[in-house]
Number of protein chains: 2
Amino acid sequence: MSKKNVYFFGDGKADGTADMKNLLGGKGANLAEMTNLGIPVPAGFTITTEMCTEYYKNKGKYTPEFKAEVDAALKKIEKSMGMKFGDPGNPLLLSIRSGARSSMPGMMETILNVGLNESTIQGLIKKTNNPRFVWDSYRRLITMYSDVVMEKAAGLEPKEGENIRAQLEEEMDKMKKARGVKNDTELTAEDLQELCKIYKEKVKKVLGKEFPDDPMDQLWGGINAVFQSWNGKRAVAYREIEKIPHDWGTAVNVQAMVFGNMGEDSATGVAFTRNPATGENQFYGEWLPNAQGEDVVAGIRTPNPLNVYGKTEQSAHLPSLEEKYPKLYKQLDEIRKKLEKHYTDMLDIEFTIQEGKLWMLQCRVGKRNGPAAVRMAVEMCKSRLISKETAVLRVSPGQLDELLHPIVDPAAEKKSKIFAKGLPAGPGGACGQIVFTAEEAVAMAKEGKKVILVREETNPEDVEGMRAAVGILTARGGMTSHAALVARGWGMCCIVGAGELEIDYRKKILSANGQKLKGGDWITLNGTKGYVYEGQLPLIDAAEENEFFNEFMKICDSVRTLKVRTNADTAEDARTALKFGAEGIGLFRTEHMFYGKGAEVPLSKLRKMILSKDQNERAKALEELYPFVKNDIKATLEAMDGLPVTIRLLDPPLHEFVPKEKAEIQKLCGELGISQAEFERRADALHELNPMMGHRGVRLGITYPEISEMQIRAILEASAELIQAKKKPLPEIMIPVVSLVGELTEMQAICKRVHDEVAAATGVKKIPYLFGTMIEIPRACLVADKIAEVAEFFSFGTNDLTQMGFGFSRDDAGGFLPVYVEKKLLPEDPFNSLDQEGIGELIQIAVERGRKTRKDIKLGICGEHGGDPASVEFCHRVGLTYVSCSPFRVPIARHSAARAVAREKK
Amino acid sequence: MSKKNVYFFGDGKADGTADMKNLLGGKGANLAEMTNLGIPVPAGFTITTEMCTEYYKNKGKYTPEFKAEVDAALKKIEKSMGMKFGDPGNPLLLSIRSGARSSMPGMMETILNVGLNESTIQGLIKKTNNPRFVWDSYRRLITMYSDVVMEKAAGLEPKEGENIRAQLEEEMDKMKKARGVKNDTELTAEDLQELCKIYKEKVKKVLGKEFPDDPMDQLWGGINAVFQSWNGKRAVAYREIEKIPHDWGTAVNVQAMVFGNMGEDSATGVAFTRNPATGENQFYGEWLPNAQGEDVVAGIRTPNPLNVYGKTEQSAHLPSLEEKYPKLYKQLDEIRKKLEKHYTDMLDIEFTIQEGKLWMLQCRVGKRNGPAAVRMAVEMCKSRLISKETAVLRVSPGQLDELLHPIVDPAAEKKSKIFAKGLPAGPGGACGQIVFTAEEAVAMAKEGKKVILVREETNPEDVEGMRAAVGILTARGGMTSHAALVARGWGMCCIVGAGELEIDYRKKILSANGQKLKGGDWITLNGTKGYVYEGQLPLIDAAEENEFFNEFMKICDSVRTLKVRTNADTAEDARTALKFGAEGIGLFRTEHMFYGKGAEVPLSKLRKMILSKDQNERAKALEELYPFVKNDIKATLEAMDGLPVTIRLLDPPLHEFVPKEKAEIQKLCGELGISQAEFERRADALHELNPMMGHRGVRLGITYPEISEMQIRAILEASAELIQAKKKPLPEIMIPVVSLVGELTEMQAICKRVHDEVAAATGVKKIPYLFGTMIEIPRACLVADKIAEVAEFFSFGTNDLTQMGFGFSRDDAGGFLPVYVEKKLLPEDPFNSLDQEGIGELIQIAVERGRKTRKDIKLGICGEHGGDPASVEFCHRVGLTYVSCSPFRVPIARHSAARAVAREKK
């Protein structure tokens with residue numbers, strides 16, 4: 001038997017089902033499913049997506065078998081609807097719609113009212129006693145058909161404004177002018193009848209062909225046109241962008257027309273089975289009496305609320321369907337319940353009431369915002385409608401993220417003009433007064449003012465001011481610039497690289513596209529989109545105290561297996577992260593005590609150490625630095641009592657800490673007792689051409705072991721003191737930038753020696769600690785088996801691994817990476833979302849080899865990717881023990897970890 | 001049966017053989033082998049290296065079985081030599097010598113004359129009638145034994161100058177003073193007898209023990225001491241450095257003493273079976289009548305030439321062994337022939353004639369210099385003594401290298417004081433007058449003077465001056481600094497990073513260690529060792545016209561399978577490389593036309609292009625640049641007619657070409673019609689923090705496709721023109737810095753389009769070219785399977801791959817890499833010799849995956865490693881098609897490629 005190409009649905013029975021989306025497209029599959037559920041659906045049939053492929057293969061020719069299938073299905077529609085296609089007495093009209101596997105909104109074509117011609121028009125007028133409705137329907141058919149079938153599908157490419165649709169609309173305008181009316185609705189039946197005649201003449205003149213009068217010609221023309229539209233220019237471009245395969249093809253849905261505009265007992269509406277804005281389990285929608293679907297969508301008439309629940313102050317006076325047609329509403333509400341139970345999700349439905357009879361025209365999973373998604377997932381899970389895993393997958397990372405930041409009120413945003421655009425570096429909204437320096441930011445914040453720090457770009461010396469601000473805006477830098485990294489770490493609203501901005505620091509003027517703002521002026525940032533607005537736009541709180549959020553996180557935790565730690569450099573960060581559910585610290589950067597608040601004194605000691613001329617001077621400076629380092633570490637270990645804290649030894653190249661400002665240089669020269677010239681000589685010696693691949697990380701420890709020793713001693717002594725105070729510190733000593741096992745062996749020897757020294761000195765016999773390494777150098781991945789002989793844990797430093805693996809300098813990639821993403825050479829900035837193909841394989845190699853040597857090796861990831869959903873799922877798949885991310889990303893990571901498990905179980 | 005620990009040799013039969021080096025040590029194995037060959041060797045036995053390990057395991061205790069083995073072997077010696085150990089009438093004396101698997105010269109101990117005591121002394125005097133000889137032998141025994149056995153082996157650690165040997169020498173000096181004589185030899189038998197008494201008293205006083213009189217005590221003390229010396233401080237340190245495993249242990253050779261100093265019919269000598277300085281197949285050595293081995297070595301007496309061949313002007317009057325004892329000489333010459341035939345190599349032998357009887361004491365493979373090694377390999381191969389593969393392996397890369405550079409006369413060097421030391425960046429010798437700037441260098445060279453360019457470090461603007469100089473000396477920079485790279489590329493003598501140097505450019509003074517030199521003063525560089533000498537040292541030509549060199553290279557070529565290409569940026573380089581046997585160009589760097597001679601005009605055009613403000617300006621500048629690029633490429637393609645030429649598109653970050661000097665900046669501003677401020681703005685925009693991982697290579701091609709297009713057009717048009725001129729250009733277009741297959745796809749599209757355009761324009765229907773990529777980014781190795789879908793060849797850029805793979809910036813690694821090499825964290829600077837473990841695996845992965853996609857993919861390596869012997873062998877092993885290196889390294893690469901095959905066949 002040959003393949004089935006046509007799937008009928010109607011009379012409570014359908015050939016297809018909801019899970020046949022690939023074959024029938026989303027729309028067709030759902031129509032079949034609803035029919036099977038006994039829900040009233042106008043009868044129809046779906047031509048498969050495979051037929052579309054066939055159509056192209058056979059260059060538009062059909063087999064007699066296929067034609068016979070269509071004929072048979074059409075007979076069934078006629079039987080089901082009790083009407084006949086092309087029958088002047090009781091004519092059946094059809095709609096022809098596309099329906100792809102994956103939604104391609106507005107990209108393909110639809111033709112309604114197919115089957116109207118000179119003779120069926122008369123029959124329908126007789127039957128409906130509504131000539132205006134009929135002529136209007138015919139007018140619409142001519143417009144759609146000539147446009148879609150006779151022009152586009154024929155491959156004609158008229159200039160803009162000269163296509164047939166535009167020319168027909170011109171005729172309509174002429175007619176309106178002639179009749180002295182403004183709206184289409186004011187034209188009479190006679191007007192429309194005349195217009196149809198004019199239209200048909202125009203079509204013949206412009207396209208050189210008669211408008212077809214044979215209903216079957218119309219039908220086949222429509223089917224062809226839908227197939228043809230699959231390869232329309234816009235559709236092809238859309239698929240290129242969305243990476244939808246071109247060989248999927250579209251299905252064609254041919255369905256009996258029903259009309260919501262047949263009089264006062266007709267109506268049409270759209271609804272959601274739950275409130276898509278809040279997630280509340282309430283039927284929510286709109287309807288219009290005596291109207292067609294497009295009238296609701298087009299917004300020409302204000303629709304009425306579906307039910308009492310949906311009434312607002314503004315709509316309280318409007319009649320709801322619930323009130324006006326309680327029986328029909330009850331029927332609809334039952335369908336709603338049936339569909340939700342069946343689909344186990346919130347649905348978006350379309351219905352039409354034709355002369356008192358309810359028809360369902362569409363049902364599909366409904367779109368929702370973040371808070372609603374979370375609430376629905378929690379409530380559906382609680383009521384056992386869905387499993388925990390399904391609940392986890394029902395919320396996208398972006399939706400969860402919506403709950404974590406105050407946002408700019410979307411309504412207000414819609415009405416405002418964008419001042420400038422940049423990269424969305426820190427999500428959420430912020431509104432404050434412009435300041436141009438970190439000092440100003442601090443000063444104004446002290447006065448209780450909300451400020452937005454605006455800089456060309458930021459550097460570590462701005463950190464204080466960044467903390468004081470409510471938002472950060474920079475003209476330069478990318479998604480991984482200093483500003484972006486700091487802001488994400490703090491969960492702060494931030495826009496970077498807004499290239500249109502020009503900043504005049506001297507005059508304190510910020511301008512963009514000809515507009516100017518002064519310091520102190522208000523601006524509002526939408527950090528989720530990267531939009532800057534002039535003035536104060538209202539912020540709304542997405543879900544600060546959202547009870548469903550907490551319940552949802554609990555569900556996630558019960559599903560996931562991957563641990564989630566945080567990157568925290570201070571005890572304060574650590575406490576914040578604990579609130580967000582962190583299970584330890586995956587990255588504590590010792591160098592961060594030299595930035596920001598309270599950093600002045602330790603930074604000056606560090607600088608002395610860096611610029612000392614020999615080991616002696618260095619040893620002295622290290623001794624002075626020691627108590628600061630120890631206290632810093634101790635406070636964080638204490639805050640994370642009982643939880644592991646991975647402490648990374650000094651990582652950046654030393655030159656980064658050399659002061660650049662004159663006053664500070666002079667101060668340092670004084671402390672060191674050296675001339676400015678000598679200072680410059682020493683500073684120059686530290687300068688590097690490619691510092692990212694220079695003298696940093698463990699390389700400092702190999703050349704100056706005393707620096708590593710000082711830090712290791714601080715960690716172990718801090719731990720010993722906490723143990724004496726009955727605490728449970730769990731430090732993990734982490735060596736950065738390792739490429740050779742020998743580097744680790746040397747550091748391990750220092751650890752062991754210092755441990756024994758500290759143990760002897762404090763009387764704490766055994767200070768528990770783990771010794772491990774960052775894996776952030778490509779070579780380290782390849783020799784991970786050897787490295788695991790020494791390291792008790794690996795922590796993947798995916799930022800550096802991405803830099804070295806790609807040879808992309810994060811600081812400099814702004815010159816080409818945006819072009820790469822734009823040209824789709826890369827699906828995404830690999831510093832935002834891990835490049836799973838390349839860098840991911842390096843990680844996999846390291847995981848495999850590390851485990852081969854040390855079965856129970858702890859494996860984690862620190863670095864920006866630990867908070868990126870796709871990257872977190874990758875980490876779960878390759879079998880890491882934990883991910884670590886900034887405190888504010890911890891919930892996202894917990895969720896993504898759960899999604900990974902849920903997906904595996906599917 | 002228990003393990004055999006003692007291997008006897010003597011009377012033409014030995015328990016061991018030459019291939020038992022691991023068990024018997026090098027010396028013992030060869031003594032056994034000679035014995036088996038019927039060569040007269042004083043009888044003896046070897047205690048195995050395994051026994052040494054046993055000795056340490058059992059804390060110095062021996063089993064009775066072992067002692068019995070030694071006793072039995074001793075009996076055999078006595079029988080063979082017809083003497084008895086400890087027999088006053090006919091005493092046998094023994095030597096006890098160490099002998100490890102791998103030579104550890106001077107690191108372990110030797111004791112001679114064991115067996116002498118109060119009673120055997122008398123017997124020996126009677127037997128030899130030579131009391132002075134006997135007492136002198138006893139004196140030597142006491143000195144050696146007390147030092148080696150009683151002090152060192154006992155673990156005593158006296159201060160320097162207070163050890164027993166020093167104290168005994170003091171006594172000797174006293175005696176000489178008392179007797180009023182200068183030399184030991186002037187002391188009489190009676191003096192020596194008295195001295196022995198004083199020695200023995202001193203030994204007892206200082207070491208608290210009697211000097212042992214029992215020969216067996218002496219024997220066992222000696223054996224223990226040799227075992228003990230295996231773990232002497234110096235020996236352990238030596239093994240650490242040479243990476244010799246500590247558990248190998250040493251063997252002990254106990255052998256009957258024979259004496260060359262028993263009178264005028266006794267003699268001793270050392271010889272080489274061929275001339276080790278020239279390789280000539282002539283017996284070559286020295287001998288001394290009535291002397292012991294150490295007398296020849298110590299140089300107190302001038303030794304005589306072994307034969308007439310060995311006579312020089314200075315030694316013509318001295319008696320040769322050949323003349324004086326023709327029969328003995330003939331016997332020795334026969335042994336020489338026998339040994340060479342047996343060992344199939346040139347040997348270094350030691351012999352002693354005792355009272356007219358010839359004894360062989362040692363034979364081992366002889367050391368030789370480069371020219372000799374090459375000549376011997378060629379001649380032995382020709383005479384079928386060795387196979388081609390063996391011939392190839394007989395010459396080390398370093399030895400071959402000796403032939404490729406004029407060198408400082410070693411004799412003159414020995415007598416000169418080193419002025420300063422640096423890194424040996426370019427081998428060979430050079431002698432010239434000091435100049436401090438490139439301009440001076442050019443000017444003086446024009447006057448026909450030989451100059452050495454001395455700089456803090458060099459940069460591309462010095463290239464002209466570097467070319468003009470005969471040698472380069474820099475105070476800073478490492479083995480891969482600009483100076484080093486350029487010099488190696490040209491095969492030029494160069495020393496870099498001579499940190500002791502201080503250069504005062506203003507005063508034109510070069511100082512080091514307190515010494516000063518002025519501009520115009522002569523200095524001599526030994527670039528092979530990194531030594532700088534004041535003044536003019538003579539240079540000698542290693543083998544400019546060495547006929548054996550050419551024959552040797554032919555042998556190499558017949559053995560190797562790996563192709564050898566060259567890195568050449570000019571037609572001139574290309575011609576040089578052809579002379580050295582290059583089989584194509586593996587790397588032609590388009591950007592190198594902007595450096596050095598004739599670069600001024602194209603460089604100014606390039607700068608215009610780089611600093612243009614938009615695509616329009618850029619397009620214009622590119623058009624102006626085009627003819628230069630095309631001509632440059634055409635000349636090189638023509639020079640390599642019929643051979644492949646891999647042309648790399650623009651690689652370095654553009655900022656590298658931005659002028660730094662005021663005059664040039666002004667000139668450029670004039671050309672561009674922009675202000676200095678505008679220039680700075682544009683130059684700043686190009687500046688990068690980590691340019692090595694920045695906007696360069698194919699990234700330039702993606703963001704500015706017009707740059708790639710210009711170059712591709714130049715290549716294809718040049719080729720088309722050559723084809724029209726009946727030439728056979730074989731260009732290979734190579735894209736650098738690729739990490740994503742998409743990058744290549746875009747470039748390939750440009751290639752195809754431009755090809756068709758050029759083909760249409762020129763009428764050359766098909767311009768043959770290959771399209772391929774550098775593999776120099778770690779990620780590219782991992783996705784090599786995908787990349788090979790587009791690339792027809794890979795060329796591994798191991799410089800960058802090493803940089804990214806390790807995260808080592810070549811320019812900055814000077815701060816830590818030397819420490820890494822010193823600490824043995826790395827066996828060698830990975831920029832000199834490929835890191836086979838890590839970077840090598842990346843290459844292997846790429847090779848495997850590339851071949852999987854494209855079976856016949858061409859695989860090569862360009863970059864510095866292509867001229868490094870170990871790296872070349874690696875390339876052969878992983879199956880590359882070719883290596884490419886600088887013209888002067890081509891012979892080294894050809895040789896190493898042959899060595900790889902030869903090693904495989906072994």
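Fair warning: this is a prediction, and the values are worked out from it, not measured in the lab. (Residues numbered from 1 in each chain as written. Chains lettered and ligands numbered in written order. Predicted model: local features only at pLDDT ≥ 70, side-chain atom pairs only at ≥ 80, totals over all residues. Heavy atoms only, no water.)

**A short note on the overall build of chain A**
Test applied: Each helix corresponds to a stretch of at least 4 residues labelled H or I by DSSP, and each strand to a stretch of at least 2 residues labelled E; elements are numbered beginning at the N terminus. Only protein chains enter the accessibility calculation, which uses a 1.4 Å probe. A residue is then buried if its area is under 20% of the maximum for its type, exposed if over 50%, and partly exposed in between. Surface accessibility in these figures is a Shrake-Rupley result with a 1.4 Å probe; residues are shielded only by whichever protein chains are displayed. Charge counting follows a simple rule: Lys and Arg are positive, Asp and Glu are negative, and His as well as the terminal groups are ignored. By convention, the charge on Lys lies at NZ, on Arg at CZ, on Asp at CG and on Glu at CD.
Summing up its helical and strand segments, chain A has 35 helices and 34 strands in all. Judged by the C-alpha coordinates and their principal axes, chain A covers about 105 × 65 × 55 Å. Within chain A, the proportion of its 906 residues that are buried is 58%. A total of about 37800 Å² of accessible surface is found on chain A, and carbon and sulfur atoms cover 50% of it. Between the mean site of the 124 positive side-chain charges and the mean site of the 127 negative ones, chain A shows a separation of 3 Å.

**What about the interface of chain A and chain B?**
Interface size is commonly expressed as the accessible surface area that is lost when the partners come together. Let me state the cut-off plainly: Residues count as neighbours in contact if any of their non-hydrogen atoms are within 4.5 Å of one another. Summed over both partners, the accessible area lost on bringing two parts together, with a 1.4 Å probe, is the buried area. The working definition used for a salt bridge is a side-chain nitrogen of Lys or Arg within 4 Å of a carboxyl oxygen of Asp or Glu. Each polar contact in these results corresponds to two N or O atoms within 3.5 Å; when the atoms are within protein, one needs to be able to donate a hydrogen and the other to accept it, and residues that are neighboring in sequence are counted only if both atoms are side-chain atoms.
Listed per partner, the contact involves 47 residues of chain A and 47 residues of chain B. For the pair chain A and chain B, the summed buried surface comes to about 4200 Å²; carbon and sulfur atoms form 58% of the total. Considering only the side of chain A, the residues that lose the most area to chain B are A:Asn690, A:Met693 and A:Arg779, jointly responsible for 16% of the buried surface there. Scanning the region where chain A abuts chain B turns up ten salt bridges. Two residues, A:Arg779 and B:Glu837, come together in a salt bridge whose shortest N-O distance is 3.1 Å. Taken together, chain A and chain B are joined by 28 residue pairs in polar contact (both at pLDDT 80 or more). Every element with two or more residues in the side of chain A that touches chain B is listed here: α26 (698-703), α28 (741-762), α29 (778-782), α31 (798-806), α32 (817-822) and α33 (839-853) of chain A.

**A word on the pairing of strand β1 (residues 6-10) of chain B**
Look at any regular strand and the pattern is simple: side chains alternate between the two faces of the sheet. Residues and elements named next belong to chain B. The line we're drawing: Strand pairing is assigned whenever DSSP detects at least two bridges linking the two strands.
With five of its five residues buried, β1 lies for the most part within the structure. Burial of β1 is two-sided: the residues Val6, Phe8 and Gly10 facing one way and the residues Tyr7 and Phe9 facing the other way are all buried. Where β1 meets strand β3 (residues 44-47), four bridges bridge the pair, whose relative direction is antiparallel. The residue bridging Tyr7 from the neighbouring strand is Thr46, located in β3. For β1 and strand β2 (residues 13-14), the ladder comprises two bridges, and the chain directions are antiparallel. Within β2, the residue paired with Gly10 across the bridge is Lys13. Taken together, β1 and the strand that follows it, β2, pair antiparallel across an intervening segment of two residues, in which Asp11 is found at a positive phi of about 60°.

**Some details on the sheet that holds strand β17 (residues 429-435) of chain A**
All names here are of chain A. The cut-off we apply is this: Structural elements are reduced to axes, namely lines fitted to C-alpha atoms, with helices fitted over the stretch in contact, and the angle between N-to-C directions of any two is expressed from 0 to 180 degrees.
Read from one edge to the other, the open sheet built from eight strands follows the order β15-β25-β24-β17-β18-β19-β20-β16, with strand pairing classed as mixed. Either end of the sheet is taken by a strand with one partner, and the two such strands are β15 (418-421) and β16 (423-426). Each strand axis lies, on average, 30° off the axis of its neighbour in the sheet, ignoring direction. In this structure, strand β24 (residues 522-526) lies alongside strand β25 (residues 531-534), joined through four bridges in antiparallel fashion. In the sheet register, Ile523 faces β25, and the bridge partner there is Glu534.

**Remarks on unusual backbone geometry**
Residues apart from glycine generally show negative phi values, whereas peptide bonds are mostly found in trans. Of note, A:Val737 is a non-glycine position whose phi angle comes to about 60°, a positive value. Take A:Val737: it is sitting in the loop between β30 (730-735) and α28. In this structure, B:Lys508 takes a positive phi of about 55° despite not being glycine. Following the sequence through the fold, B:Lys508 ends up in the loop between β21 (501-504) and β22 (509-512).

**Describing the pairing of strand β19 (residues 471-474) of chain B**
All names here are of chain B. As a reminder of what qualifies: A clockwise course of the path from the first strand over the helix to the second, judged with the strands pointing away from the viewer, identifies a crossover as right-handed.
The side-chain alternation of β19 yields two buried faces, one formed by Gly471 and Leu473 and the other by Ile472 and Thr474. Running through helix α18 (residues 463-468), the crossover from strand β18 (residues 451-455) to the neighbouring parallel element β19 is right-handed. In terms of strand pairing, β19 meets strand β20 (residues 493-496) through three bridges, oriented parallel. Bridging from a neighbouring strand, Leu473 pairs with Ile495 of β20.

**Topic: helix α27 (residues 705-724) of chain B**
Residues and elements named next belong to chain B. This is how it is decided: Helix span, expected: 1.5 Å multiplied by one less than the number of residues in the helix.
Compared with an ideal rise of 1.5 Å per residue, which puts 20 residues at 28 Å, α27 spans 28 Å between its outermost C-alpha atoms and is within 8% of the ideal. When you tally the buried positions in α27, you get 14 out of 20 residues, the bulk of the element. Where α27 ends, the next residue or the one after it, Lys726, has phi of about 65°, a positive value.

**A short note on the environment of B:Leu501**
Residue and element names in this part refer to chain B. In this fold, Leu501 is placed in strand β21. Taking the C-alpha atoms as reference points, Leu501 and Ile665, separated by 164 residues in sequence, lie 32 Å from one another. With near-sequence residues (within four places) excluded, Leu501 lies in contact with Phe419, Ala420, Leu473, Ala475, Leu510, Ser511 and Ala512.

**A look at helix α31 (residues 798-806) of chain B**
Residues and elements named next belong to chain B. Within α31, nine of the nine residues are buried, which leaves it mostly tucked inside the rest of the structure. All of the buried residues in α31 are Thr798, Asn799, Asp800, Leu801, Thr802, Gln803, Met804, Gly805 and Phe806. Positive phi shows up at Gly807, right after α31, with a value of about 65°.

**A few points about the relation of the copies chain A and chain B**
Worth spelling out the cut-off: The copies were overlaid with a least-squares fit restricted to C-alpha atoms from residues scoring a pLDDT of at least 70 in each copy.
Superposing chain A onto chain B requires a rotation of 179° together with a translation of 0.5 Å along the rotation axis, leaving an RMSD of 0.5 Å. Given the turn and translation reported, the copies of this chain are related as if by a two-fold rotation axis. Across chain A, the smallest distance between a C-alpha and the rotation axis is recorded for A:Asn690, namely 2.2 Å. A share of 100% of the interface residues of chain A reappears at the interface of chain B, consistent with the copies meeting face to face through the same patch.

**Considerations on the confidence of the model for chain A**
Applicable threshold: You can read pLDDT as the predictor saying how much it trusts each residue, on a scale of 0 to 100.
Confidence in the prediction of chain A, expressed as mean pLDDT, is 91, and 98% of residues score 70 or more. Model confidence for the complex is summarised by a pTM of 0.81, with the ipTM given as 0.80.

**Quick notes on the sheet that holds strand β27 (residues 563-567) of chain A**
All names here are of chain A. The strand order around the closed barrel formed by eight strands is β27-β28-β29-β30-β31-β32-β33-β34, and the pairing between neighbours is parallel. With direction set aside, neighbouring strand axes in the sheet form an average angle of 25°. With two bridges joining them, β27 and strand β28 (residues 585-589) adopt parallel strand pairing. Residue pairing for β28: Asn567 is matched across the bridge by Leu587. Packed onto the sheet, α28 meets β30 and β31 (770-775) and runs at close to 150° relative to β31. The sheet strands contacting α33 are β31, β32 (793-797) and β33 (858-862), and the helix crosses β32 at an angle near 175°.

**Topic: the pattern of salt bridges**
Following the criterion strictly, the structure yields 134 salt bridges over all chains and no others. Here A:Glu841 ties to B:Arg849 by a salt bridge, and the two come within 2.5 Å at their closest N and O atoms. Of the two residues, A:Glu841 sits in helix α33 while B:Arg849 sits in helix α33 (residues 839-853), which places them in two different chains. Close ionic contact of B:Arg274 with B:Glu340 constitutes a salt bridge, the shortest N to O distance being 2.9 Å. Taken together, the residues B:Arg274 in the loop between β9 (267-272) and β10 (284-289) and B:Glu340 in helix α12 (residues 326-343) connect sequence positions 66 residues apart. Of the two residues, B:Arg274 and B:Glu340, neither departs from the other in class, the shared state being buried. Among the charged side chains, a network of salt bridges with common partners joins A:Asp557, A:Arg560, A:Lys563, A:Glu583 and A:Arg894.

**Describing the packing of aromatic side chains**
Just so we agree on the cut-off: Aromatic pairs are defined between Phe, Tyr and Trp rings, using the six-membered ring for Trp, whenever the two ring centres lie within 6.5 Å; interplanar angles under 30 degrees are classed as stacked, those over 60 as edge-to-face, and all others as tilted. Each ring is checked for a lysine NZ or an arginine CZ that lies within 6 Å of its centre and within 35 degrees of its normal; such an atom marks a charge sitting over the ring.
Scanning the model with the defined rule gives 43 aromatic pairs over all chains in all. Ring geometry for B:Tyr138 versus B:Phe211: centroids 6.1 Å apart, planes at 80°, classification edge-to-face. Here B:Tyr138 is found in helix α5 (residues 131-152), whereas its partner B:Phe211 is found in the loop between α7 (189-207) and α8 (215-230), with 73 residues between them in sequence. There is no split in this pair, since B:Tyr138 and B:Phe211 are both buried. The ring of A:Tyr7 carries A:Lys4 above its face, with NZ or CZ at 5.0 Å from the centroid. Residue placement shows B:Lys67 over the ring face of B:Trp220; its charged tip is 5.7 Å from the ring centre.

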